[in-house]
Amino acid sequence: MINDTVCKRTSSDHISGKPICKKARPNVKLEDLPQDLLCTIVSKLPPKEVSRASVFSSHWRYICDICCFKLCFSGTAGYTRDTFERKEYLQYMQKFIDNVNTFVQKYNGKMVEEFSVKFEFDTQLLDHLNNWVNFAVSSRAKSIAVYLRPINKRRTDVDRYVFPFHLLDSESNISHLQSIQLSFVSFRLPSEFRGFPSLRKLDLEFVHISIEDLEVLLSNCCNLGWLSLVRSYLNGELKLNHLLSHLRHLTVVCCKVTRIELQVMNLVTFVYCGPIVPIVINQHSKLENAHRDFFKATFHDAVSALLNGIPSIQNLTFQTTPPPLEEQSLLNNKCKFSHLRCLQLLMGILPEDTYMLPHVLVSVLRAAPFIEKLDIHFAAGGHLCFANNGTLGKKHLQPSEYSYLKSMHMTGYKGARGQLEFLLHIVENSPVLEVLTVETTQRIYEDVYAKLICKQKACSERAALDAGSCLRGKLSPKVKLCVM
(Lines give C-alpha, C1' and ligand atoms only; values in the text may rest on other atoms or scores of the structure.)
Protein backbone atom coordinates (compact mmCIF):
# COMPACT_ATOMS: atom_id res chain seq x y z
CA MET A 1 0.00 0.00 0.00
CA ILE A 2 1.49 3.34 -1.08
CA ASN A 3 1.62 6.27 1.30
CA ASP A 4 1.22 9.23 -1.08
CA THR A 5 2.66 12.68 -0.25
CA VAL A 6 1.33 15.69 -2.15
CA CYS A 7 2.46 19.33 -2.25
CA LYS A 8 -0.17 22.04 -1.97
CA ARG A 9 0.34 25.80 -2.28
CA THR A 10 -1.59 28.18 -0.07
CA SER A 11 -1.81 31.96 -0.23
CA SER A 12 1.10 32.18 2.21
CA ASP A 13 3.21 30.08 -0.12
CA HIS A 14 3.19 32.84 -2.74
CA ILE A 15 4.45 35.31 -0.16
CA SER A 16 7.33 33.20 1.03
CA GLY A 17 7.89 31.49 -2.26
CA LYS A 18 8.27 28.10 -0.47
CA PRO A 19 5.96 25.17 -1.04
CA ILE A 20 4.48 23.49 2.02
CA CYS A 21 4.34 19.70 1.85
CA LYS A 22 1.40 18.04 3.58
CA LYS A 23 0.56 14.35 3.93
CA ALA A 24 -2.77 13.53 2.37
CA ARG A 25 -4.87 10.78 3.90
CA PRO A 26 -4.23 7.60 1.87
CA ASN A 27 -7.13 5.90 0.14
CA VAL A 28 -7.42 2.83 2.39
CA LYS A 29 -10.01 0.12 1.77
CA LEU A 30 -11.06 -2.49 4.28
CA GLU A 31 -10.24 -5.32 1.89
CA ASP A 32 -6.64 -4.08 1.74
CA LEU A 33 -6.08 -5.39 5.26
CA PRO A 34 -4.18 -8.67 5.70
CA GLN A 35 -6.31 -11.78 5.28
CA ASP A 36 -5.74 -13.07 8.82
CA LEU A 37 -6.89 -9.72 10.26
CA LEU A 38 -10.01 -9.76 8.08
CA CYS A 39 -10.79 -13.28 9.30
CA THR A 40 -10.48 -12.09 12.89
CA ILE A 41 -12.93 -9.24 12.19
CA VAL A 42 -15.41 -11.51 10.44
CA SER A 43 -15.25 -14.15 13.18
CA LYS A 44 -16.45 -11.58 15.73
CA LEU A 45 -19.51 -10.54 13.70
CA PRO A 46 -22.98 -11.97 14.40
CA PRO A 47 -24.13 -14.53 11.79
CA LYS A 48 -26.62 -12.08 10.22
CA GLU A 49 -23.90 -9.47 9.72
CA VAL A 50 -21.65 -12.10 8.15
CA SER A 51 -24.41 -12.92 5.66
CA ARG A 52 -24.73 -9.25 4.74
CA ALA A 53 -20.97 -8.91 4.35
CA SER A 54 -20.82 -11.92 2.02
CA VAL A 55 -23.03 -10.18 -0.57
CA PHE A 56 -21.04 -6.94 -0.37
CA SER A 57 -18.43 -8.07 -2.90
CA SER A 58 -16.82 -11.20 -4.31
CA HIS A 59 -13.73 -10.51 -2.20
CA TRP A 60 -15.75 -10.39 1.00
CA ARG A 61 -17.63 -13.53 -0.06
CA TYR A 62 -14.28 -15.31 -0.33
CA ILE A 63 -13.17 -14.05 3.08
CA CYS A 64 -16.44 -15.18 4.67
CA ASP A 65 -16.07 -18.61 3.10
CA ILE A 66 -12.58 -19.30 4.48
CA CYS A 67 -12.92 -17.67 7.91
CA CYS A 68 -13.72 -19.39 11.19
CA PHE A 69 -17.04 -18.40 12.73
CA LYS A 70 -18.51 -18.16 16.22
CA LEU A 71 -22.04 -19.57 16.26
CA CYS A 72 -23.83 -18.85 19.53
CA PHE A 73 -27.54 -19.52 19.98
CA SER A 74 -29.51 -18.63 23.08
CA GLY A 75 -33.17 -19.08 23.92
CA THR A 76 -32.94 -17.43 27.32
CA ALA A 77 -34.65 -14.09 26.66
CA GLY A 78 -37.14 -14.57 29.48
CA TYR A 79 -39.03 -17.34 27.72
CA THR A 80 -39.45 -20.43 29.86
CA ARG A 81 -41.86 -23.31 30.03
CA ASP A 82 -43.52 -21.66 33.03
CA THR A 83 -44.40 -18.51 31.06
CA PHE A 84 -45.99 -20.38 28.13
CA GLU A 85 -48.89 -22.67 27.52
CA ARG A 86 -47.70 -26.02 26.14
CA LYS A 87 -48.71 -25.15 22.58
CA GLU A 88 -47.00 -21.76 22.67
CA TYR A 89 -43.88 -23.27 24.19
CA LEU A 90 -43.65 -25.90 21.44
CA GLN A 91 -43.97 -23.19 18.81
CA TYR A 92 -41.25 -21.15 20.46
CA MET A 93 -38.97 -24.19 20.74
CA GLN A 94 -39.57 -25.14 17.10
CA LYS A 95 -38.69 -21.63 16.00
CA PHE A 96 -35.42 -21.89 17.95
CA ILE A 97 -34.65 -25.29 16.41
CA ASP A 98 -35.35 -24.02 12.89
CA ASN A 99 -33.11 -21.01 13.44
CA VAL A 100 -30.18 -23.14 14.61
CA ASN A 101 -30.67 -25.67 11.82
CA THR A 102 -30.66 -22.91 9.22
CA PHE A 103 -27.23 -21.71 10.28
CA VAL A 104 -25.90 -25.23 10.75
CA GLN A 105 -26.87 -26.05 7.17
CA LYS A 106 -25.44 -22.78 5.87
CA TYR A 107 -22.07 -23.22 7.58
CA ASN A 108 -21.78 -26.94 7.00
CA GLY A 109 -18.28 -27.75 5.76
CA LYS A 110 -16.81 -24.47 7.00
CA MET A 111 -14.44 -23.89 9.91
CA VAL A 112 -16.24 -22.99 13.15
CA GLU A 113 -14.18 -21.57 15.98
CA GLU A 114 -16.91 -21.65 18.63
CA PHE A 115 -20.30 -23.36 18.85
CA SER A 116 -22.64 -22.60 21.76
CA VAL A 117 -26.29 -23.43 22.37
CA LYS A 118 -28.36 -22.43 25.42
CA PHE A 119 -31.92 -23.63 25.98
CA GLU A 120 -34.24 -25.64 28.23
CA PHE A 121 -33.88 -29.37 27.76
CA ASP A 122 -36.87 -31.08 26.22
CA THR A 123 -36.90 -34.61 24.80
CA GLN A 124 -37.85 -33.17 21.42
CA LEU A 125 -34.44 -31.48 21.35
CA LEU A 126 -32.54 -34.74 21.68
CA ASP A 127 -31.91 -35.57 18.02
CA HIS A 128 -31.23 -31.94 17.15
CA LEU A 129 -28.70 -31.58 19.97
CA ASN A 130 -26.86 -34.66 18.73
CA ASN A 131 -26.80 -33.25 15.19
CA TRP A 132 -25.52 -29.87 16.44
CA VAL A 133 -22.72 -31.45 18.47
CA ASN A 134 -21.79 -33.59 15.47
CA PHE A 135 -21.71 -30.46 13.30
CA ALA A 136 -19.48 -28.64 15.81
CA VAL A 137 -17.06 -31.57 16.03
CA SER A 138 -16.88 -32.10 12.27
CA SER A 139 -16.31 -28.35 11.84
CA ARG A 140 -13.23 -28.67 14.07
CA ALA A 141 -14.60 -26.20 16.61
CA LYS A 142 -12.14 -25.07 19.26
CA SER A 143 -14.93 -24.48 21.78
CA ILE A 144 -18.15 -26.45 22.33
CA ALA A 145 -20.69 -25.25 24.90
CA VAL A 146 -24.06 -26.86 25.65
CA TYR A 147 -25.90 -24.91 28.34
CA LEU A 148 -29.16 -26.68 29.21
CA ARG A 149 -31.62 -26.10 32.05
CA PRO A 150 -34.35 -28.28 33.54
CA ILE A 151 -37.82 -27.33 32.34
CA ASN A 152 -39.09 -27.41 35.90
CA LYS A 153 -36.51 -25.63 38.08
CA ARG A 154 -37.98 -27.22 41.20
CA ARG A 155 -37.21 -30.71 39.93
CA THR A 156 -33.61 -31.64 39.36
CA ASP A 157 -34.13 -35.41 39.32
CA VAL A 158 -35.47 -35.43 35.75
CA ASP A 159 -33.58 -36.90 32.83
CA ARG A 160 -30.65 -34.94 31.49
CA TYR A 161 -29.27 -34.78 28.00
CA VAL A 162 -26.82 -37.65 27.51
CA PHE A 163 -23.85 -35.95 25.91
CA PRO A 164 -22.55 -37.96 22.91
CA PHE A 165 -18.91 -38.26 23.97
CA HIS A 166 -18.41 -41.01 21.39
CA LEU A 167 -18.52 -38.31 18.69
CA LEU A 168 -15.47 -36.69 20.23
CA ASP A 169 -13.46 -39.87 20.65
CA SER A 170 -11.49 -39.78 17.41
CA GLU A 171 -8.14 -38.13 16.84
CA SER A 172 -9.23 -36.19 13.76
CA ASN A 173 -12.25 -34.69 15.55
CA ILE A 174 -10.63 -33.64 18.82
CA SER A 175 -7.26 -32.33 17.67
CA HIS A 176 -8.60 -28.74 17.61
CA LEU A 177 -10.89 -28.91 20.67
CA GLN A 178 -9.68 -26.57 23.43
CA SER A 179 -12.79 -25.86 25.53
CA ILE A 180 -15.79 -27.92 26.67
CA GLN A 181 -18.59 -26.30 28.71
CA LEU A 182 -21.57 -28.44 29.71
CA SER A 183 -24.61 -27.77 31.88
CA PHE A 184 -27.44 -30.14 32.90
CA VAL A 185 -26.07 -33.14 31.04
CA SER A 186 -24.92 -36.62 31.97
CA PHE A 187 -22.33 -38.79 30.33
CA ARG A 188 -20.27 -41.92 30.57
CA LEU A 189 -16.93 -42.06 28.86
CA PRO A 190 -16.44 -44.60 26.07
CA SER A 191 -14.62 -47.76 27.12
CA GLU A 192 -11.58 -46.83 25.03
CA PHE A 193 -11.51 -43.12 25.79
CA ARG A 194 -8.36 -41.52 24.35
CA GLY A 195 -8.57 -38.14 26.04
CA PHE A 196 -8.37 -34.58 24.74
CA PRO A 197 -4.74 -33.69 24.05
CA SER A 198 -5.50 -30.01 23.23
CA LEU A 199 -8.18 -29.32 25.85
CA ARG A 200 -7.44 -26.19 27.90
CA LYS A 201 -10.78 -25.55 29.63
CA LEU A 202 -13.35 -27.91 31.15
CA ASP A 203 -16.48 -26.39 32.74
CA LEU A 204 -19.07 -28.80 34.18
CA GLU A 205 -22.18 -27.45 35.91
CA PHE A 206 -24.99 -29.60 37.26
CA VAL A 207 -23.55 -32.61 35.44
CA HIS A 208 -24.07 -36.27 36.32
CA ILE A 209 -20.69 -37.96 36.19
CA SER A 210 -19.17 -40.68 38.32
CA ILE A 211 -16.01 -39.95 40.27
CA GLU A 212 -14.30 -42.74 38.31
CA ASP A 213 -15.17 -41.23 34.93
CA LEU A 214 -14.04 -37.79 36.11
CA GLU A 215 -10.66 -39.18 37.19
CA VAL A 216 -10.24 -40.91 33.83
CA LEU A 217 -11.23 -37.72 32.02
CA LEU A 218 -8.77 -35.55 33.95
CA SER A 219 -5.97 -38.10 33.62
CA ASN A 220 -6.27 -37.89 29.84
CA CYS A 221 -6.29 -34.08 29.53
CA CYS A 222 -2.59 -33.39 29.92
CA ASN A 223 -2.82 -29.71 28.87
CA LEU A 224 -5.84 -28.75 30.98
CA GLY A 225 -5.40 -25.26 32.45
CA TRP A 226 -8.92 -24.36 33.71
CA LEU A 227 -11.26 -26.74 35.58
CA SER A 228 -14.64 -25.82 37.08
CA LEU A 229 -17.00 -28.26 38.83
CA VAL A 230 -20.26 -26.69 40.05
CA ARG A 231 -23.12 -28.70 41.56
CA SER A 232 -21.78 -31.86 39.97
CA TYR A 233 -22.39 -34.19 42.87
CA LEU A 234 -19.41 -36.53 43.06
CA ASN A 235 -20.20 -38.05 46.46
CA GLY A 236 -16.63 -39.18 46.99
CA GLU A 237 -13.00 -38.19 46.97
CA LEU A 238 -11.68 -36.00 44.20
CA LYS A 239 -8.26 -37.56 44.11
CA LEU A 240 -5.88 -37.60 41.20
CA ASN A 241 -2.43 -39.15 41.26
CA HIS A 242 -1.67 -37.94 37.75
CA LEU A 243 0.19 -34.61 37.65
CA LEU A 244 -1.82 -31.73 36.16
CA SER A 245 1.20 -29.65 35.32
CA HIS A 246 -0.68 -26.96 33.36
CA LEU A 247 -3.70 -26.47 35.69
CA ARG A 248 -3.85 -22.83 36.84
CA HIS A 249 -7.53 -22.37 37.82
CA LEU A 250 -9.65 -24.79 39.87
CA THR A 251 -13.25 -24.28 41.04
CA VAL A 252 -15.16 -26.80 43.17
CA VAL A 253 -18.60 -25.55 44.30
CA CYS A 254 -21.32 -27.63 45.99
CA CYS A 255 -20.07 -30.97 44.70
CA LYS A 256 -20.42 -33.10 47.87
CA VAL A 257 -16.79 -34.17 47.82
CA THR A 258 -15.32 -35.81 50.91
CA ARG A 259 -11.70 -35.01 50.08
CA ILE A 260 -9.73 -33.10 47.45
CA GLU A 261 -6.22 -34.26 46.66
CA LEU A 262 -4.52 -33.08 43.49
CA GLN A 263 -1.00 -33.03 42.13
CA VAL A 264 -0.65 -29.52 40.71
CA MET A 265 2.51 -27.48 40.34
CA ASN A 266 1.30 -24.26 38.72
CA LEU A 267 -2.13 -23.71 40.29
CA VAL A 268 -2.75 -19.96 40.65
CA THR A 269 -6.43 -19.71 41.70
CA PHE A 270 -8.50 -22.12 43.79
CA VAL A 271 -12.20 -21.52 44.54
CA TYR A 272 -14.00 -23.85 46.96
CA CYS A 273 -17.54 -23.66 48.32
CA GLY A 274 -18.91 -26.39 50.56
CA PRO A 275 -18.41 -28.09 53.94
CA ILE A 276 -14.99 -28.43 55.51
CA VAL A 277 -13.17 -31.35 53.90
CA PRO A 278 -9.49 -32.31 53.76
CA ILE A 279 -7.85 -30.44 50.92
CA VAL A 280 -4.35 -31.51 49.93
CA ILE A 281 -2.42 -29.55 47.36
CA ASN A 282 1.25 -30.35 46.93
CA GLN A 283 3.39 -27.99 48.95
CA HIS A 284 5.40 -26.72 46.00
CA SER A 285 2.33 -25.34 44.20
CA LYS A 286 2.48 -21.67 43.15
CA LEU A 287 -0.99 -20.96 44.53
CA GLU A 288 -1.64 -17.22 44.64
CA ASN A 289 -5.40 -16.75 45.00
CA ALA A 290 -7.98 -18.72 46.97
CA HIS A 291 -11.67 -18.15 47.64
CA ARG A 292 -13.17 -20.32 50.40
CA ASP A 293 -16.78 -20.48 51.51
CA PHE A 294 -17.36 -23.15 54.17
CA PHE A 295 -20.86 -24.33 55.04
CA LYS A 296 -22.01 -24.84 58.64
CA ALA A 297 -18.56 -24.39 60.10
CA THR A 298 -17.42 -22.36 63.08
CA PHE A 299 -15.07 -19.52 62.26
CA HIS A 300 -12.26 -21.16 64.26
CA ASP A 301 -12.57 -24.50 62.46
CA ALA A 302 -12.72 -22.82 59.05
CA VAL A 303 -9.57 -20.77 59.60
CA SER A 304 -7.76 -23.76 61.09
CA ALA A 305 -8.63 -25.78 58.00
CA LEU A 306 -7.12 -23.06 55.83
CA LEU A 307 -3.96 -22.92 57.93
CA ASN A 308 -3.49 -26.65 57.72
CA GLY A 309 -4.49 -26.97 54.06
CA ILE A 310 -3.05 -24.04 52.11
CA PRO A 311 -0.71 -22.05 54.38
CA SER A 312 1.31 -20.76 51.39
CA ILE A 313 -1.58 -18.75 49.89
CA GLN A 314 -0.82 -15.11 48.95
CA ASN A 315 -4.32 -13.66 48.36
CA LEU A 316 -7.26 -15.12 50.26
CA THR A 317 -10.99 -14.42 50.08
CA PHE A 318 -12.76 -16.15 52.96
CA GLN A 319 -16.56 -16.21 53.32
CA THR A 320 -18.56 -17.50 56.27
CA THR A 321 -22.27 -17.76 56.99
CA PRO A 322 -23.31 -16.47 60.43
CA PRO A 323 -22.85 -19.32 62.93
CA PRO A 324 -22.13 -18.23 66.50
CA LEU A 325 -18.56 -17.03 67.00
CA GLU A 326 -16.55 -18.92 69.59
CA GLU A 327 -13.94 -17.90 72.11
CA GLN A 328 -11.37 -20.42 70.93
CA SER A 329 -8.14 -18.74 69.94
CA LEU A 330 -5.95 -19.44 66.93
CA LEU A 331 -2.87 -18.16 68.71
CA ASN A 332 -1.73 -21.65 69.65
CA ASN A 333 -1.86 -22.92 66.10
CA LYS A 334 1.68 -23.60 64.95
CA CYS A 335 0.83 -22.97 61.29
CA LYS A 336 1.05 -19.44 59.93
CA PHE A 337 -0.02 -17.72 56.72
CA SER A 338 3.60 -16.81 56.11
CA HIS A 339 2.98 -15.80 52.48
CA LEU A 340 -0.40 -14.07 52.88
CA ARG A 341 -0.40 -10.46 51.71
CA CYS A 342 -4.06 -9.67 50.93
CA LEU A 343 -7.00 -10.95 53.00
CA GLN A 344 -10.69 -10.39 52.27
CA LEU A 345 -13.20 -11.57 54.87
CA LEU A 346 -16.91 -11.82 54.02
CA MET A 347 -18.56 -12.35 57.38
CA GLY A 348 -22.15 -12.95 58.31
CA ILE A 349 -22.58 -12.02 61.97
CA LEU A 350 -25.32 -12.05 64.59
CA PRO A 351 -25.80 -9.07 66.96
CA GLU A 352 -25.20 -11.22 70.04
CA ASP A 353 -21.74 -12.17 68.74
CA THR A 354 -20.38 -8.72 67.97
CA TYR A 355 -18.52 -8.51 71.29
CA MET A 356 -16.32 -11.42 70.10
CA LEU A 357 -15.30 -9.72 66.85
CA PRO A 358 -12.08 -8.05 68.05
CA HIS A 359 -10.81 -11.25 69.65
CA VAL A 360 -11.57 -13.42 66.60
CA LEU A 361 -10.21 -10.98 64.02
CA VAL A 362 -7.04 -10.23 65.96
CA SER A 363 -6.28 -13.95 66.22
CA VAL A 364 -6.55 -14.21 62.43
CA LEU A 365 -4.21 -11.26 61.89
CA ARG A 366 -1.63 -12.71 64.24
CA ALA A 367 -1.64 -15.84 62.09
CA ALA A 368 -0.82 -13.65 59.06
CA PRO A 369 2.19 -11.58 60.18
CA PHE A 370 3.02 -10.17 56.73
CA ILE A 371 -0.43 -9.00 55.67
CA GLU A 372 -0.49 -5.72 53.73
CA LYS A 373 -4.15 -5.31 52.76
CA LEU A 374 -7.24 -6.21 54.79
CA ASP A 375 -10.85 -6.01 53.58
CA ILE A 376 -13.72 -6.98 55.88
CA HIS A 377 -17.30 -7.03 54.59
CA PHE A 378 -19.98 -7.58 57.24
CA ALA A 379 -23.54 -8.79 56.75
CA ALA A 380 -25.83 -8.57 59.76
CA GLY A 381 -28.20 -11.41 60.56
CA GLY A 382 -30.33 -9.07 62.65
CA HIS A 383 -30.35 -5.50 63.94
CA LEU A 384 -26.61 -4.81 64.28
CA CYS A 385 -26.77 -1.04 64.80
CA PHE A 386 -24.88 -0.06 67.95
CA ALA A 387 -24.97 -3.62 69.24
CA ASN A 388 -23.36 -3.63 72.68
CA ASN A 389 -23.60 -7.24 73.87
CA GLY A 390 -21.17 -9.26 75.95
CA THR A 391 -18.50 -8.35 78.44
CA LEU A 392 -15.29 -8.39 76.40
CA GLY A 393 -13.82 -4.92 76.15
CA LYS A 394 -10.85 -3.29 74.48
CA LYS A 395 -8.65 -3.94 77.51
CA HIS A 396 -8.72 -7.69 76.70
CA LEU A 397 -6.90 -7.10 73.39
CA GLN A 398 -3.19 -7.48 73.80
CA PRO A 399 -1.08 -4.98 71.81
CA SER A 400 0.19 -6.34 68.49
CA GLU A 401 2.19 -4.61 65.82
CA TYR A 402 1.03 -5.15 62.24
CA SER A 403 4.24 -3.95 60.70
CA TYR A 404 3.20 -4.45 57.07
CA LEU A 405 -0.48 -3.44 57.05
CA LYS A 406 -0.93 -0.48 54.68
CA SER A 407 -4.62 -0.58 53.75
CA MET A 408 -7.84 -1.54 55.51
CA HIS A 409 -11.39 -1.39 54.14
CA MET A 410 -14.48 -2.24 56.21
CA THR A 411 -18.06 -2.32 54.89
CA GLY A 412 -21.29 -3.05 56.73
CA TYR A 413 -20.15 -0.92 59.66
CA LYS A 414 -23.11 -0.21 61.96
CA GLY A 415 -21.44 1.22 65.02
CA ALA A 416 -21.43 -2.07 66.92
CA ARG A 417 -19.00 -1.97 69.83
CA GLY A 418 -16.98 -4.89 68.54
CA GLN A 419 -16.53 -3.22 65.15
CA LEU A 420 -15.35 0.05 66.67
CA GLU A 421 -12.99 -1.68 69.10
CA PHE A 422 -11.34 -3.58 66.28
CA LEU A 423 -10.94 -0.40 64.19
CA LEU A 424 -9.28 1.40 67.11
CA HIS A 425 -7.02 -1.61 67.69
CA ILE A 426 -5.89 -1.51 64.04
CA VAL A 427 -5.26 2.23 64.13
CA GLU A 428 -3.15 1.99 67.28
CA ASN A 429 -1.10 -1.03 66.14
CA SER A 430 -0.41 -0.38 62.45
CA PRO A 431 2.61 1.95 62.15
CA VAL A 432 2.70 1.95 58.32
CA LEU A 433 -1.06 2.27 57.73
CA GLU A 434 -1.76 4.54 54.76
CA VAL A 435 -5.47 4.19 53.95
CA LEU A 436 -8.46 3.42 56.20
CA THR A 437 -11.92 3.22 54.60
CA VAL A 438 -15.10 2.62 56.60
CA GLU A 439 -18.46 2.18 54.85
CA THR A 440 -21.88 1.69 56.38
CA THR A 441 -23.11 0.15 53.12
CA GLN A 442 -23.52 -3.62 53.21
CA ARG A 443 -21.75 -5.38 50.32
CA ILE A 444 -22.79 -9.01 50.85
CA TYR A 445 -26.21 -10.63 51.15
CA GLU A 446 -27.72 -7.41 49.81
CA ASP A 447 -30.82 -9.13 48.39
CA VAL A 448 -31.54 -11.03 51.61
CA TYR A 449 -31.23 -7.99 53.84
CA ALA A 450 -32.46 -5.30 51.45
CA LYS A 451 -35.46 -4.34 53.60
CA LEU A 452 -33.40 -4.33 56.77
CA ILE A 453 -30.79 -2.08 55.17
CA CYS A 454 -33.46 0.46 54.21
CA LYS A 455 -34.74 0.56 57.80
CA GLN A 456 -31.23 1.13 59.12
CA LYS A 457 -30.33 4.08 56.89
CA ALA A 458 -30.62 6.68 59.67
CA CYS A 459 -28.69 4.40 62.00
CA SER A 460 -25.92 4.05 59.40
CA GLU A 461 -25.55 7.82 59.07
CA ARG A 462 -25.16 8.18 62.82
CA ALA A 463 -22.65 5.28 62.91
CA ALA A 464 -20.53 6.96 60.21
CA LEU A 465 -20.42 10.21 62.18
CA ASP A 466 -19.45 8.45 65.41
CA ALA A 467 -16.74 6.39 63.69
CA GLY A 468 -15.23 9.46 62.07
CA SER A 469 -15.06 11.37 65.36
CA CYS A 470 -13.50 8.43 67.25
CA LEU A 471 -10.91 7.53 64.63
CA ARG A 472 -9.68 11.01 63.71
CA GLY A 473 -8.34 11.55 67.18
CA LYS A 474 -6.25 8.39 67.00
CA LEU A 475 -5.00 8.44 63.40
CA SER A 476 -1.59 9.58 62.26
CA PRO A 477 -1.68 12.61 59.92
CA LYS A 478 -0.15 10.35 57.24
CA VAL A 479 -3.23 8.10 57.13
CA LYS A 480 -5.99 8.85 54.62
CA LEU A 481 -9.36 8.32 56.32
CA CYS A 482 -12.58 7.88 54.35
CA VAL A 483 -15.88 7.31 56.21
CA MET A 484 -19.03 6.82 54.15
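Summary of the structure given here. (Residues numbered from 1 in each chain as written. Predicted model: local features only at pLDDT ≥ 70, side-chain atom pairs only at ≥ 80, totals over all residues. Heavy atoms only, no water.)

## Considering the overall build of the chain
Next up, step 1: A count of helices and strands for the chain gives 13 helices and 22 strands.
Next up, step 2: Within the chain, the fraction of its 484 residues that count as buried is 47%.
Next up, step 3: Summarising the internal contacts of the chain: among those between residues at least 6 apart in sequence, 65% fall at separations of at least 24.
Next up, step 4: Carbon together with sulfur atoms contributes 51% to the accessible area of the chain, which is approximately 24,900 Å² in total. (Helix = DSSP H or I, 4+ residues; strand = E, 2+ residues; numbered from the N terminus. Buried < 20%, exposed > 50% of the residue type's maximum accessible area, 1.4 Å probe, protein only. Contact = heavy atoms within 4.5 Å. Areas by Shrake-Rupley, 256 points an atom, 1.4 Å probe, with all protein chains shown as cover.)

## Quick word on the pairing of strand β7 (residues 179-183)
If a strand is regular, its side chains alternate between the two faces of the sheet.
Next up, step 1: Of all five residues in β7, five are buried, a share of seventy percent or more.
Next up, step 2: Every second residue of β7 is oriented toward a common face, with Ser179, Gln181 and Ser183 on one face and Ile180 and Leu182 on the other, all of them buried.
Next up, step 3: Looking at chain direction, strand β5 (residues 143-149) and β7 are connected through five bridges and run parallel. Considered in β7, the bridge of Ala145 is made with Gln181. (Pairing = 2+ DSSP bridges.)

## A look at unusual backbone geometry
Next up, step 1: The backbone phi angle of Asn235 is positive, close to 50°, even though this residue is not glycine.
Next up, step 2: Secondary-structure assignment places Asn235 in the loop between β10 (226-230) and β11 (236-244).
Next up, step 3: Despite not being glycine, Cys254 shows a phi value in the positive range, around 55°.
Next up, step 4: As for its placement among the helices and strands, Cys254 is situated in the loop between β12 (249-253) and β13 (257-264).
Next up, step 5: Under the relative-accessibility criterion, Cys254 is labelled partly exposed at 27%.

## Details of helix α6 (residues 126-138)
Structural remark: α-helix, 3.6 residues per turn; residues separated by three or four positions point the same way.
Next up, step 1: An ideal rise of 1.5 Å per residue puts 18 Å on 13 residues; α6 measures up with 18 Å between its terminal C-alpha atoms.
Next up, step 2: Burial in α6 covers these residues: Leu129, Trp132, Val133, Phe135, Ala136 and Val137.
Next up, step 3: Taken from the residues just after α6, Arg140 is the one with a positive phi, measuring 55°. (Expected span 1.5 Å × (residues − 1).)

## A word on the packing of aromatic side chains
Next up, step 1: This structure, assessed with the given rule, holds 15 aromatic pairs.
Next up, step 2: Here the aromatic rings of Phe73 and Phe115 are separated by 6.0 Å at their centres, their planes lie at 55°, and the arrangement is tilted. Of this pair, Phe73 sits in strand β3 (residues 69-74) while Phe115 sits in strand β4 (residues 112-120); the two residues are 42 residues apart in sequence, bridging distant segments of the chain. The two residues Phe73 and Phe115 agree in class, both being buried.
Next up, step 3: Each residue in the set Phe121, Tyr161, Phe163, Phe165, Phe187, Phe193 and Phe196 is aromatic and connected to the rest through ring pairs, giving one cluster.
Next up, step 4: The ring of Tyr147 carries the charged tip of Lys118 above its face, separated from the ring centre by 5.2 Å. (Phe/Tyr/Trp six-rings, centres within 6.5 Å; stacked < 30°, edge-to-face > 60°. Lys NZ or Arg CZ within 6 Å of the ring centre and 35° of its normal.)

## Things to note about empty space enclosed by the protein
Next up, step 1: Tallied over the full model, the rule gives two cavities of 30 Å³ or more.
Next up, step 2: What the largest cavity holds in volume is close to 40 Å³.
Next up, step 3: Residue lining of the largest cavity: Val303, Leu306, Leu316, Phe318, Phe337, Leu340, Leu343, Leu345 and Val364, and that is the complete set.
Next up, step 4: At the level of elements, α9 (299-309), β17 (315-320) and β18 (342-349) are the ones that each hand at least two residues to the lining of the largest cavity.
Next up, step 5: Residues that form the lining of the largest cavity fall into these classes: nine nonpolar, no polar and no charged. (1 Å grid on protein atoms, 1.4 Å probe; cavity = no way out; pocket = protein on both sides within 12 Å on 5 of 7 lines; lining within 4 Å. Points joined across faces, edges and corners; volume = space filled by probe spheres on them. Nonpolar A, V, L, I, M, F, W, Y, C, P; charged D, E, K, R; others polar.)

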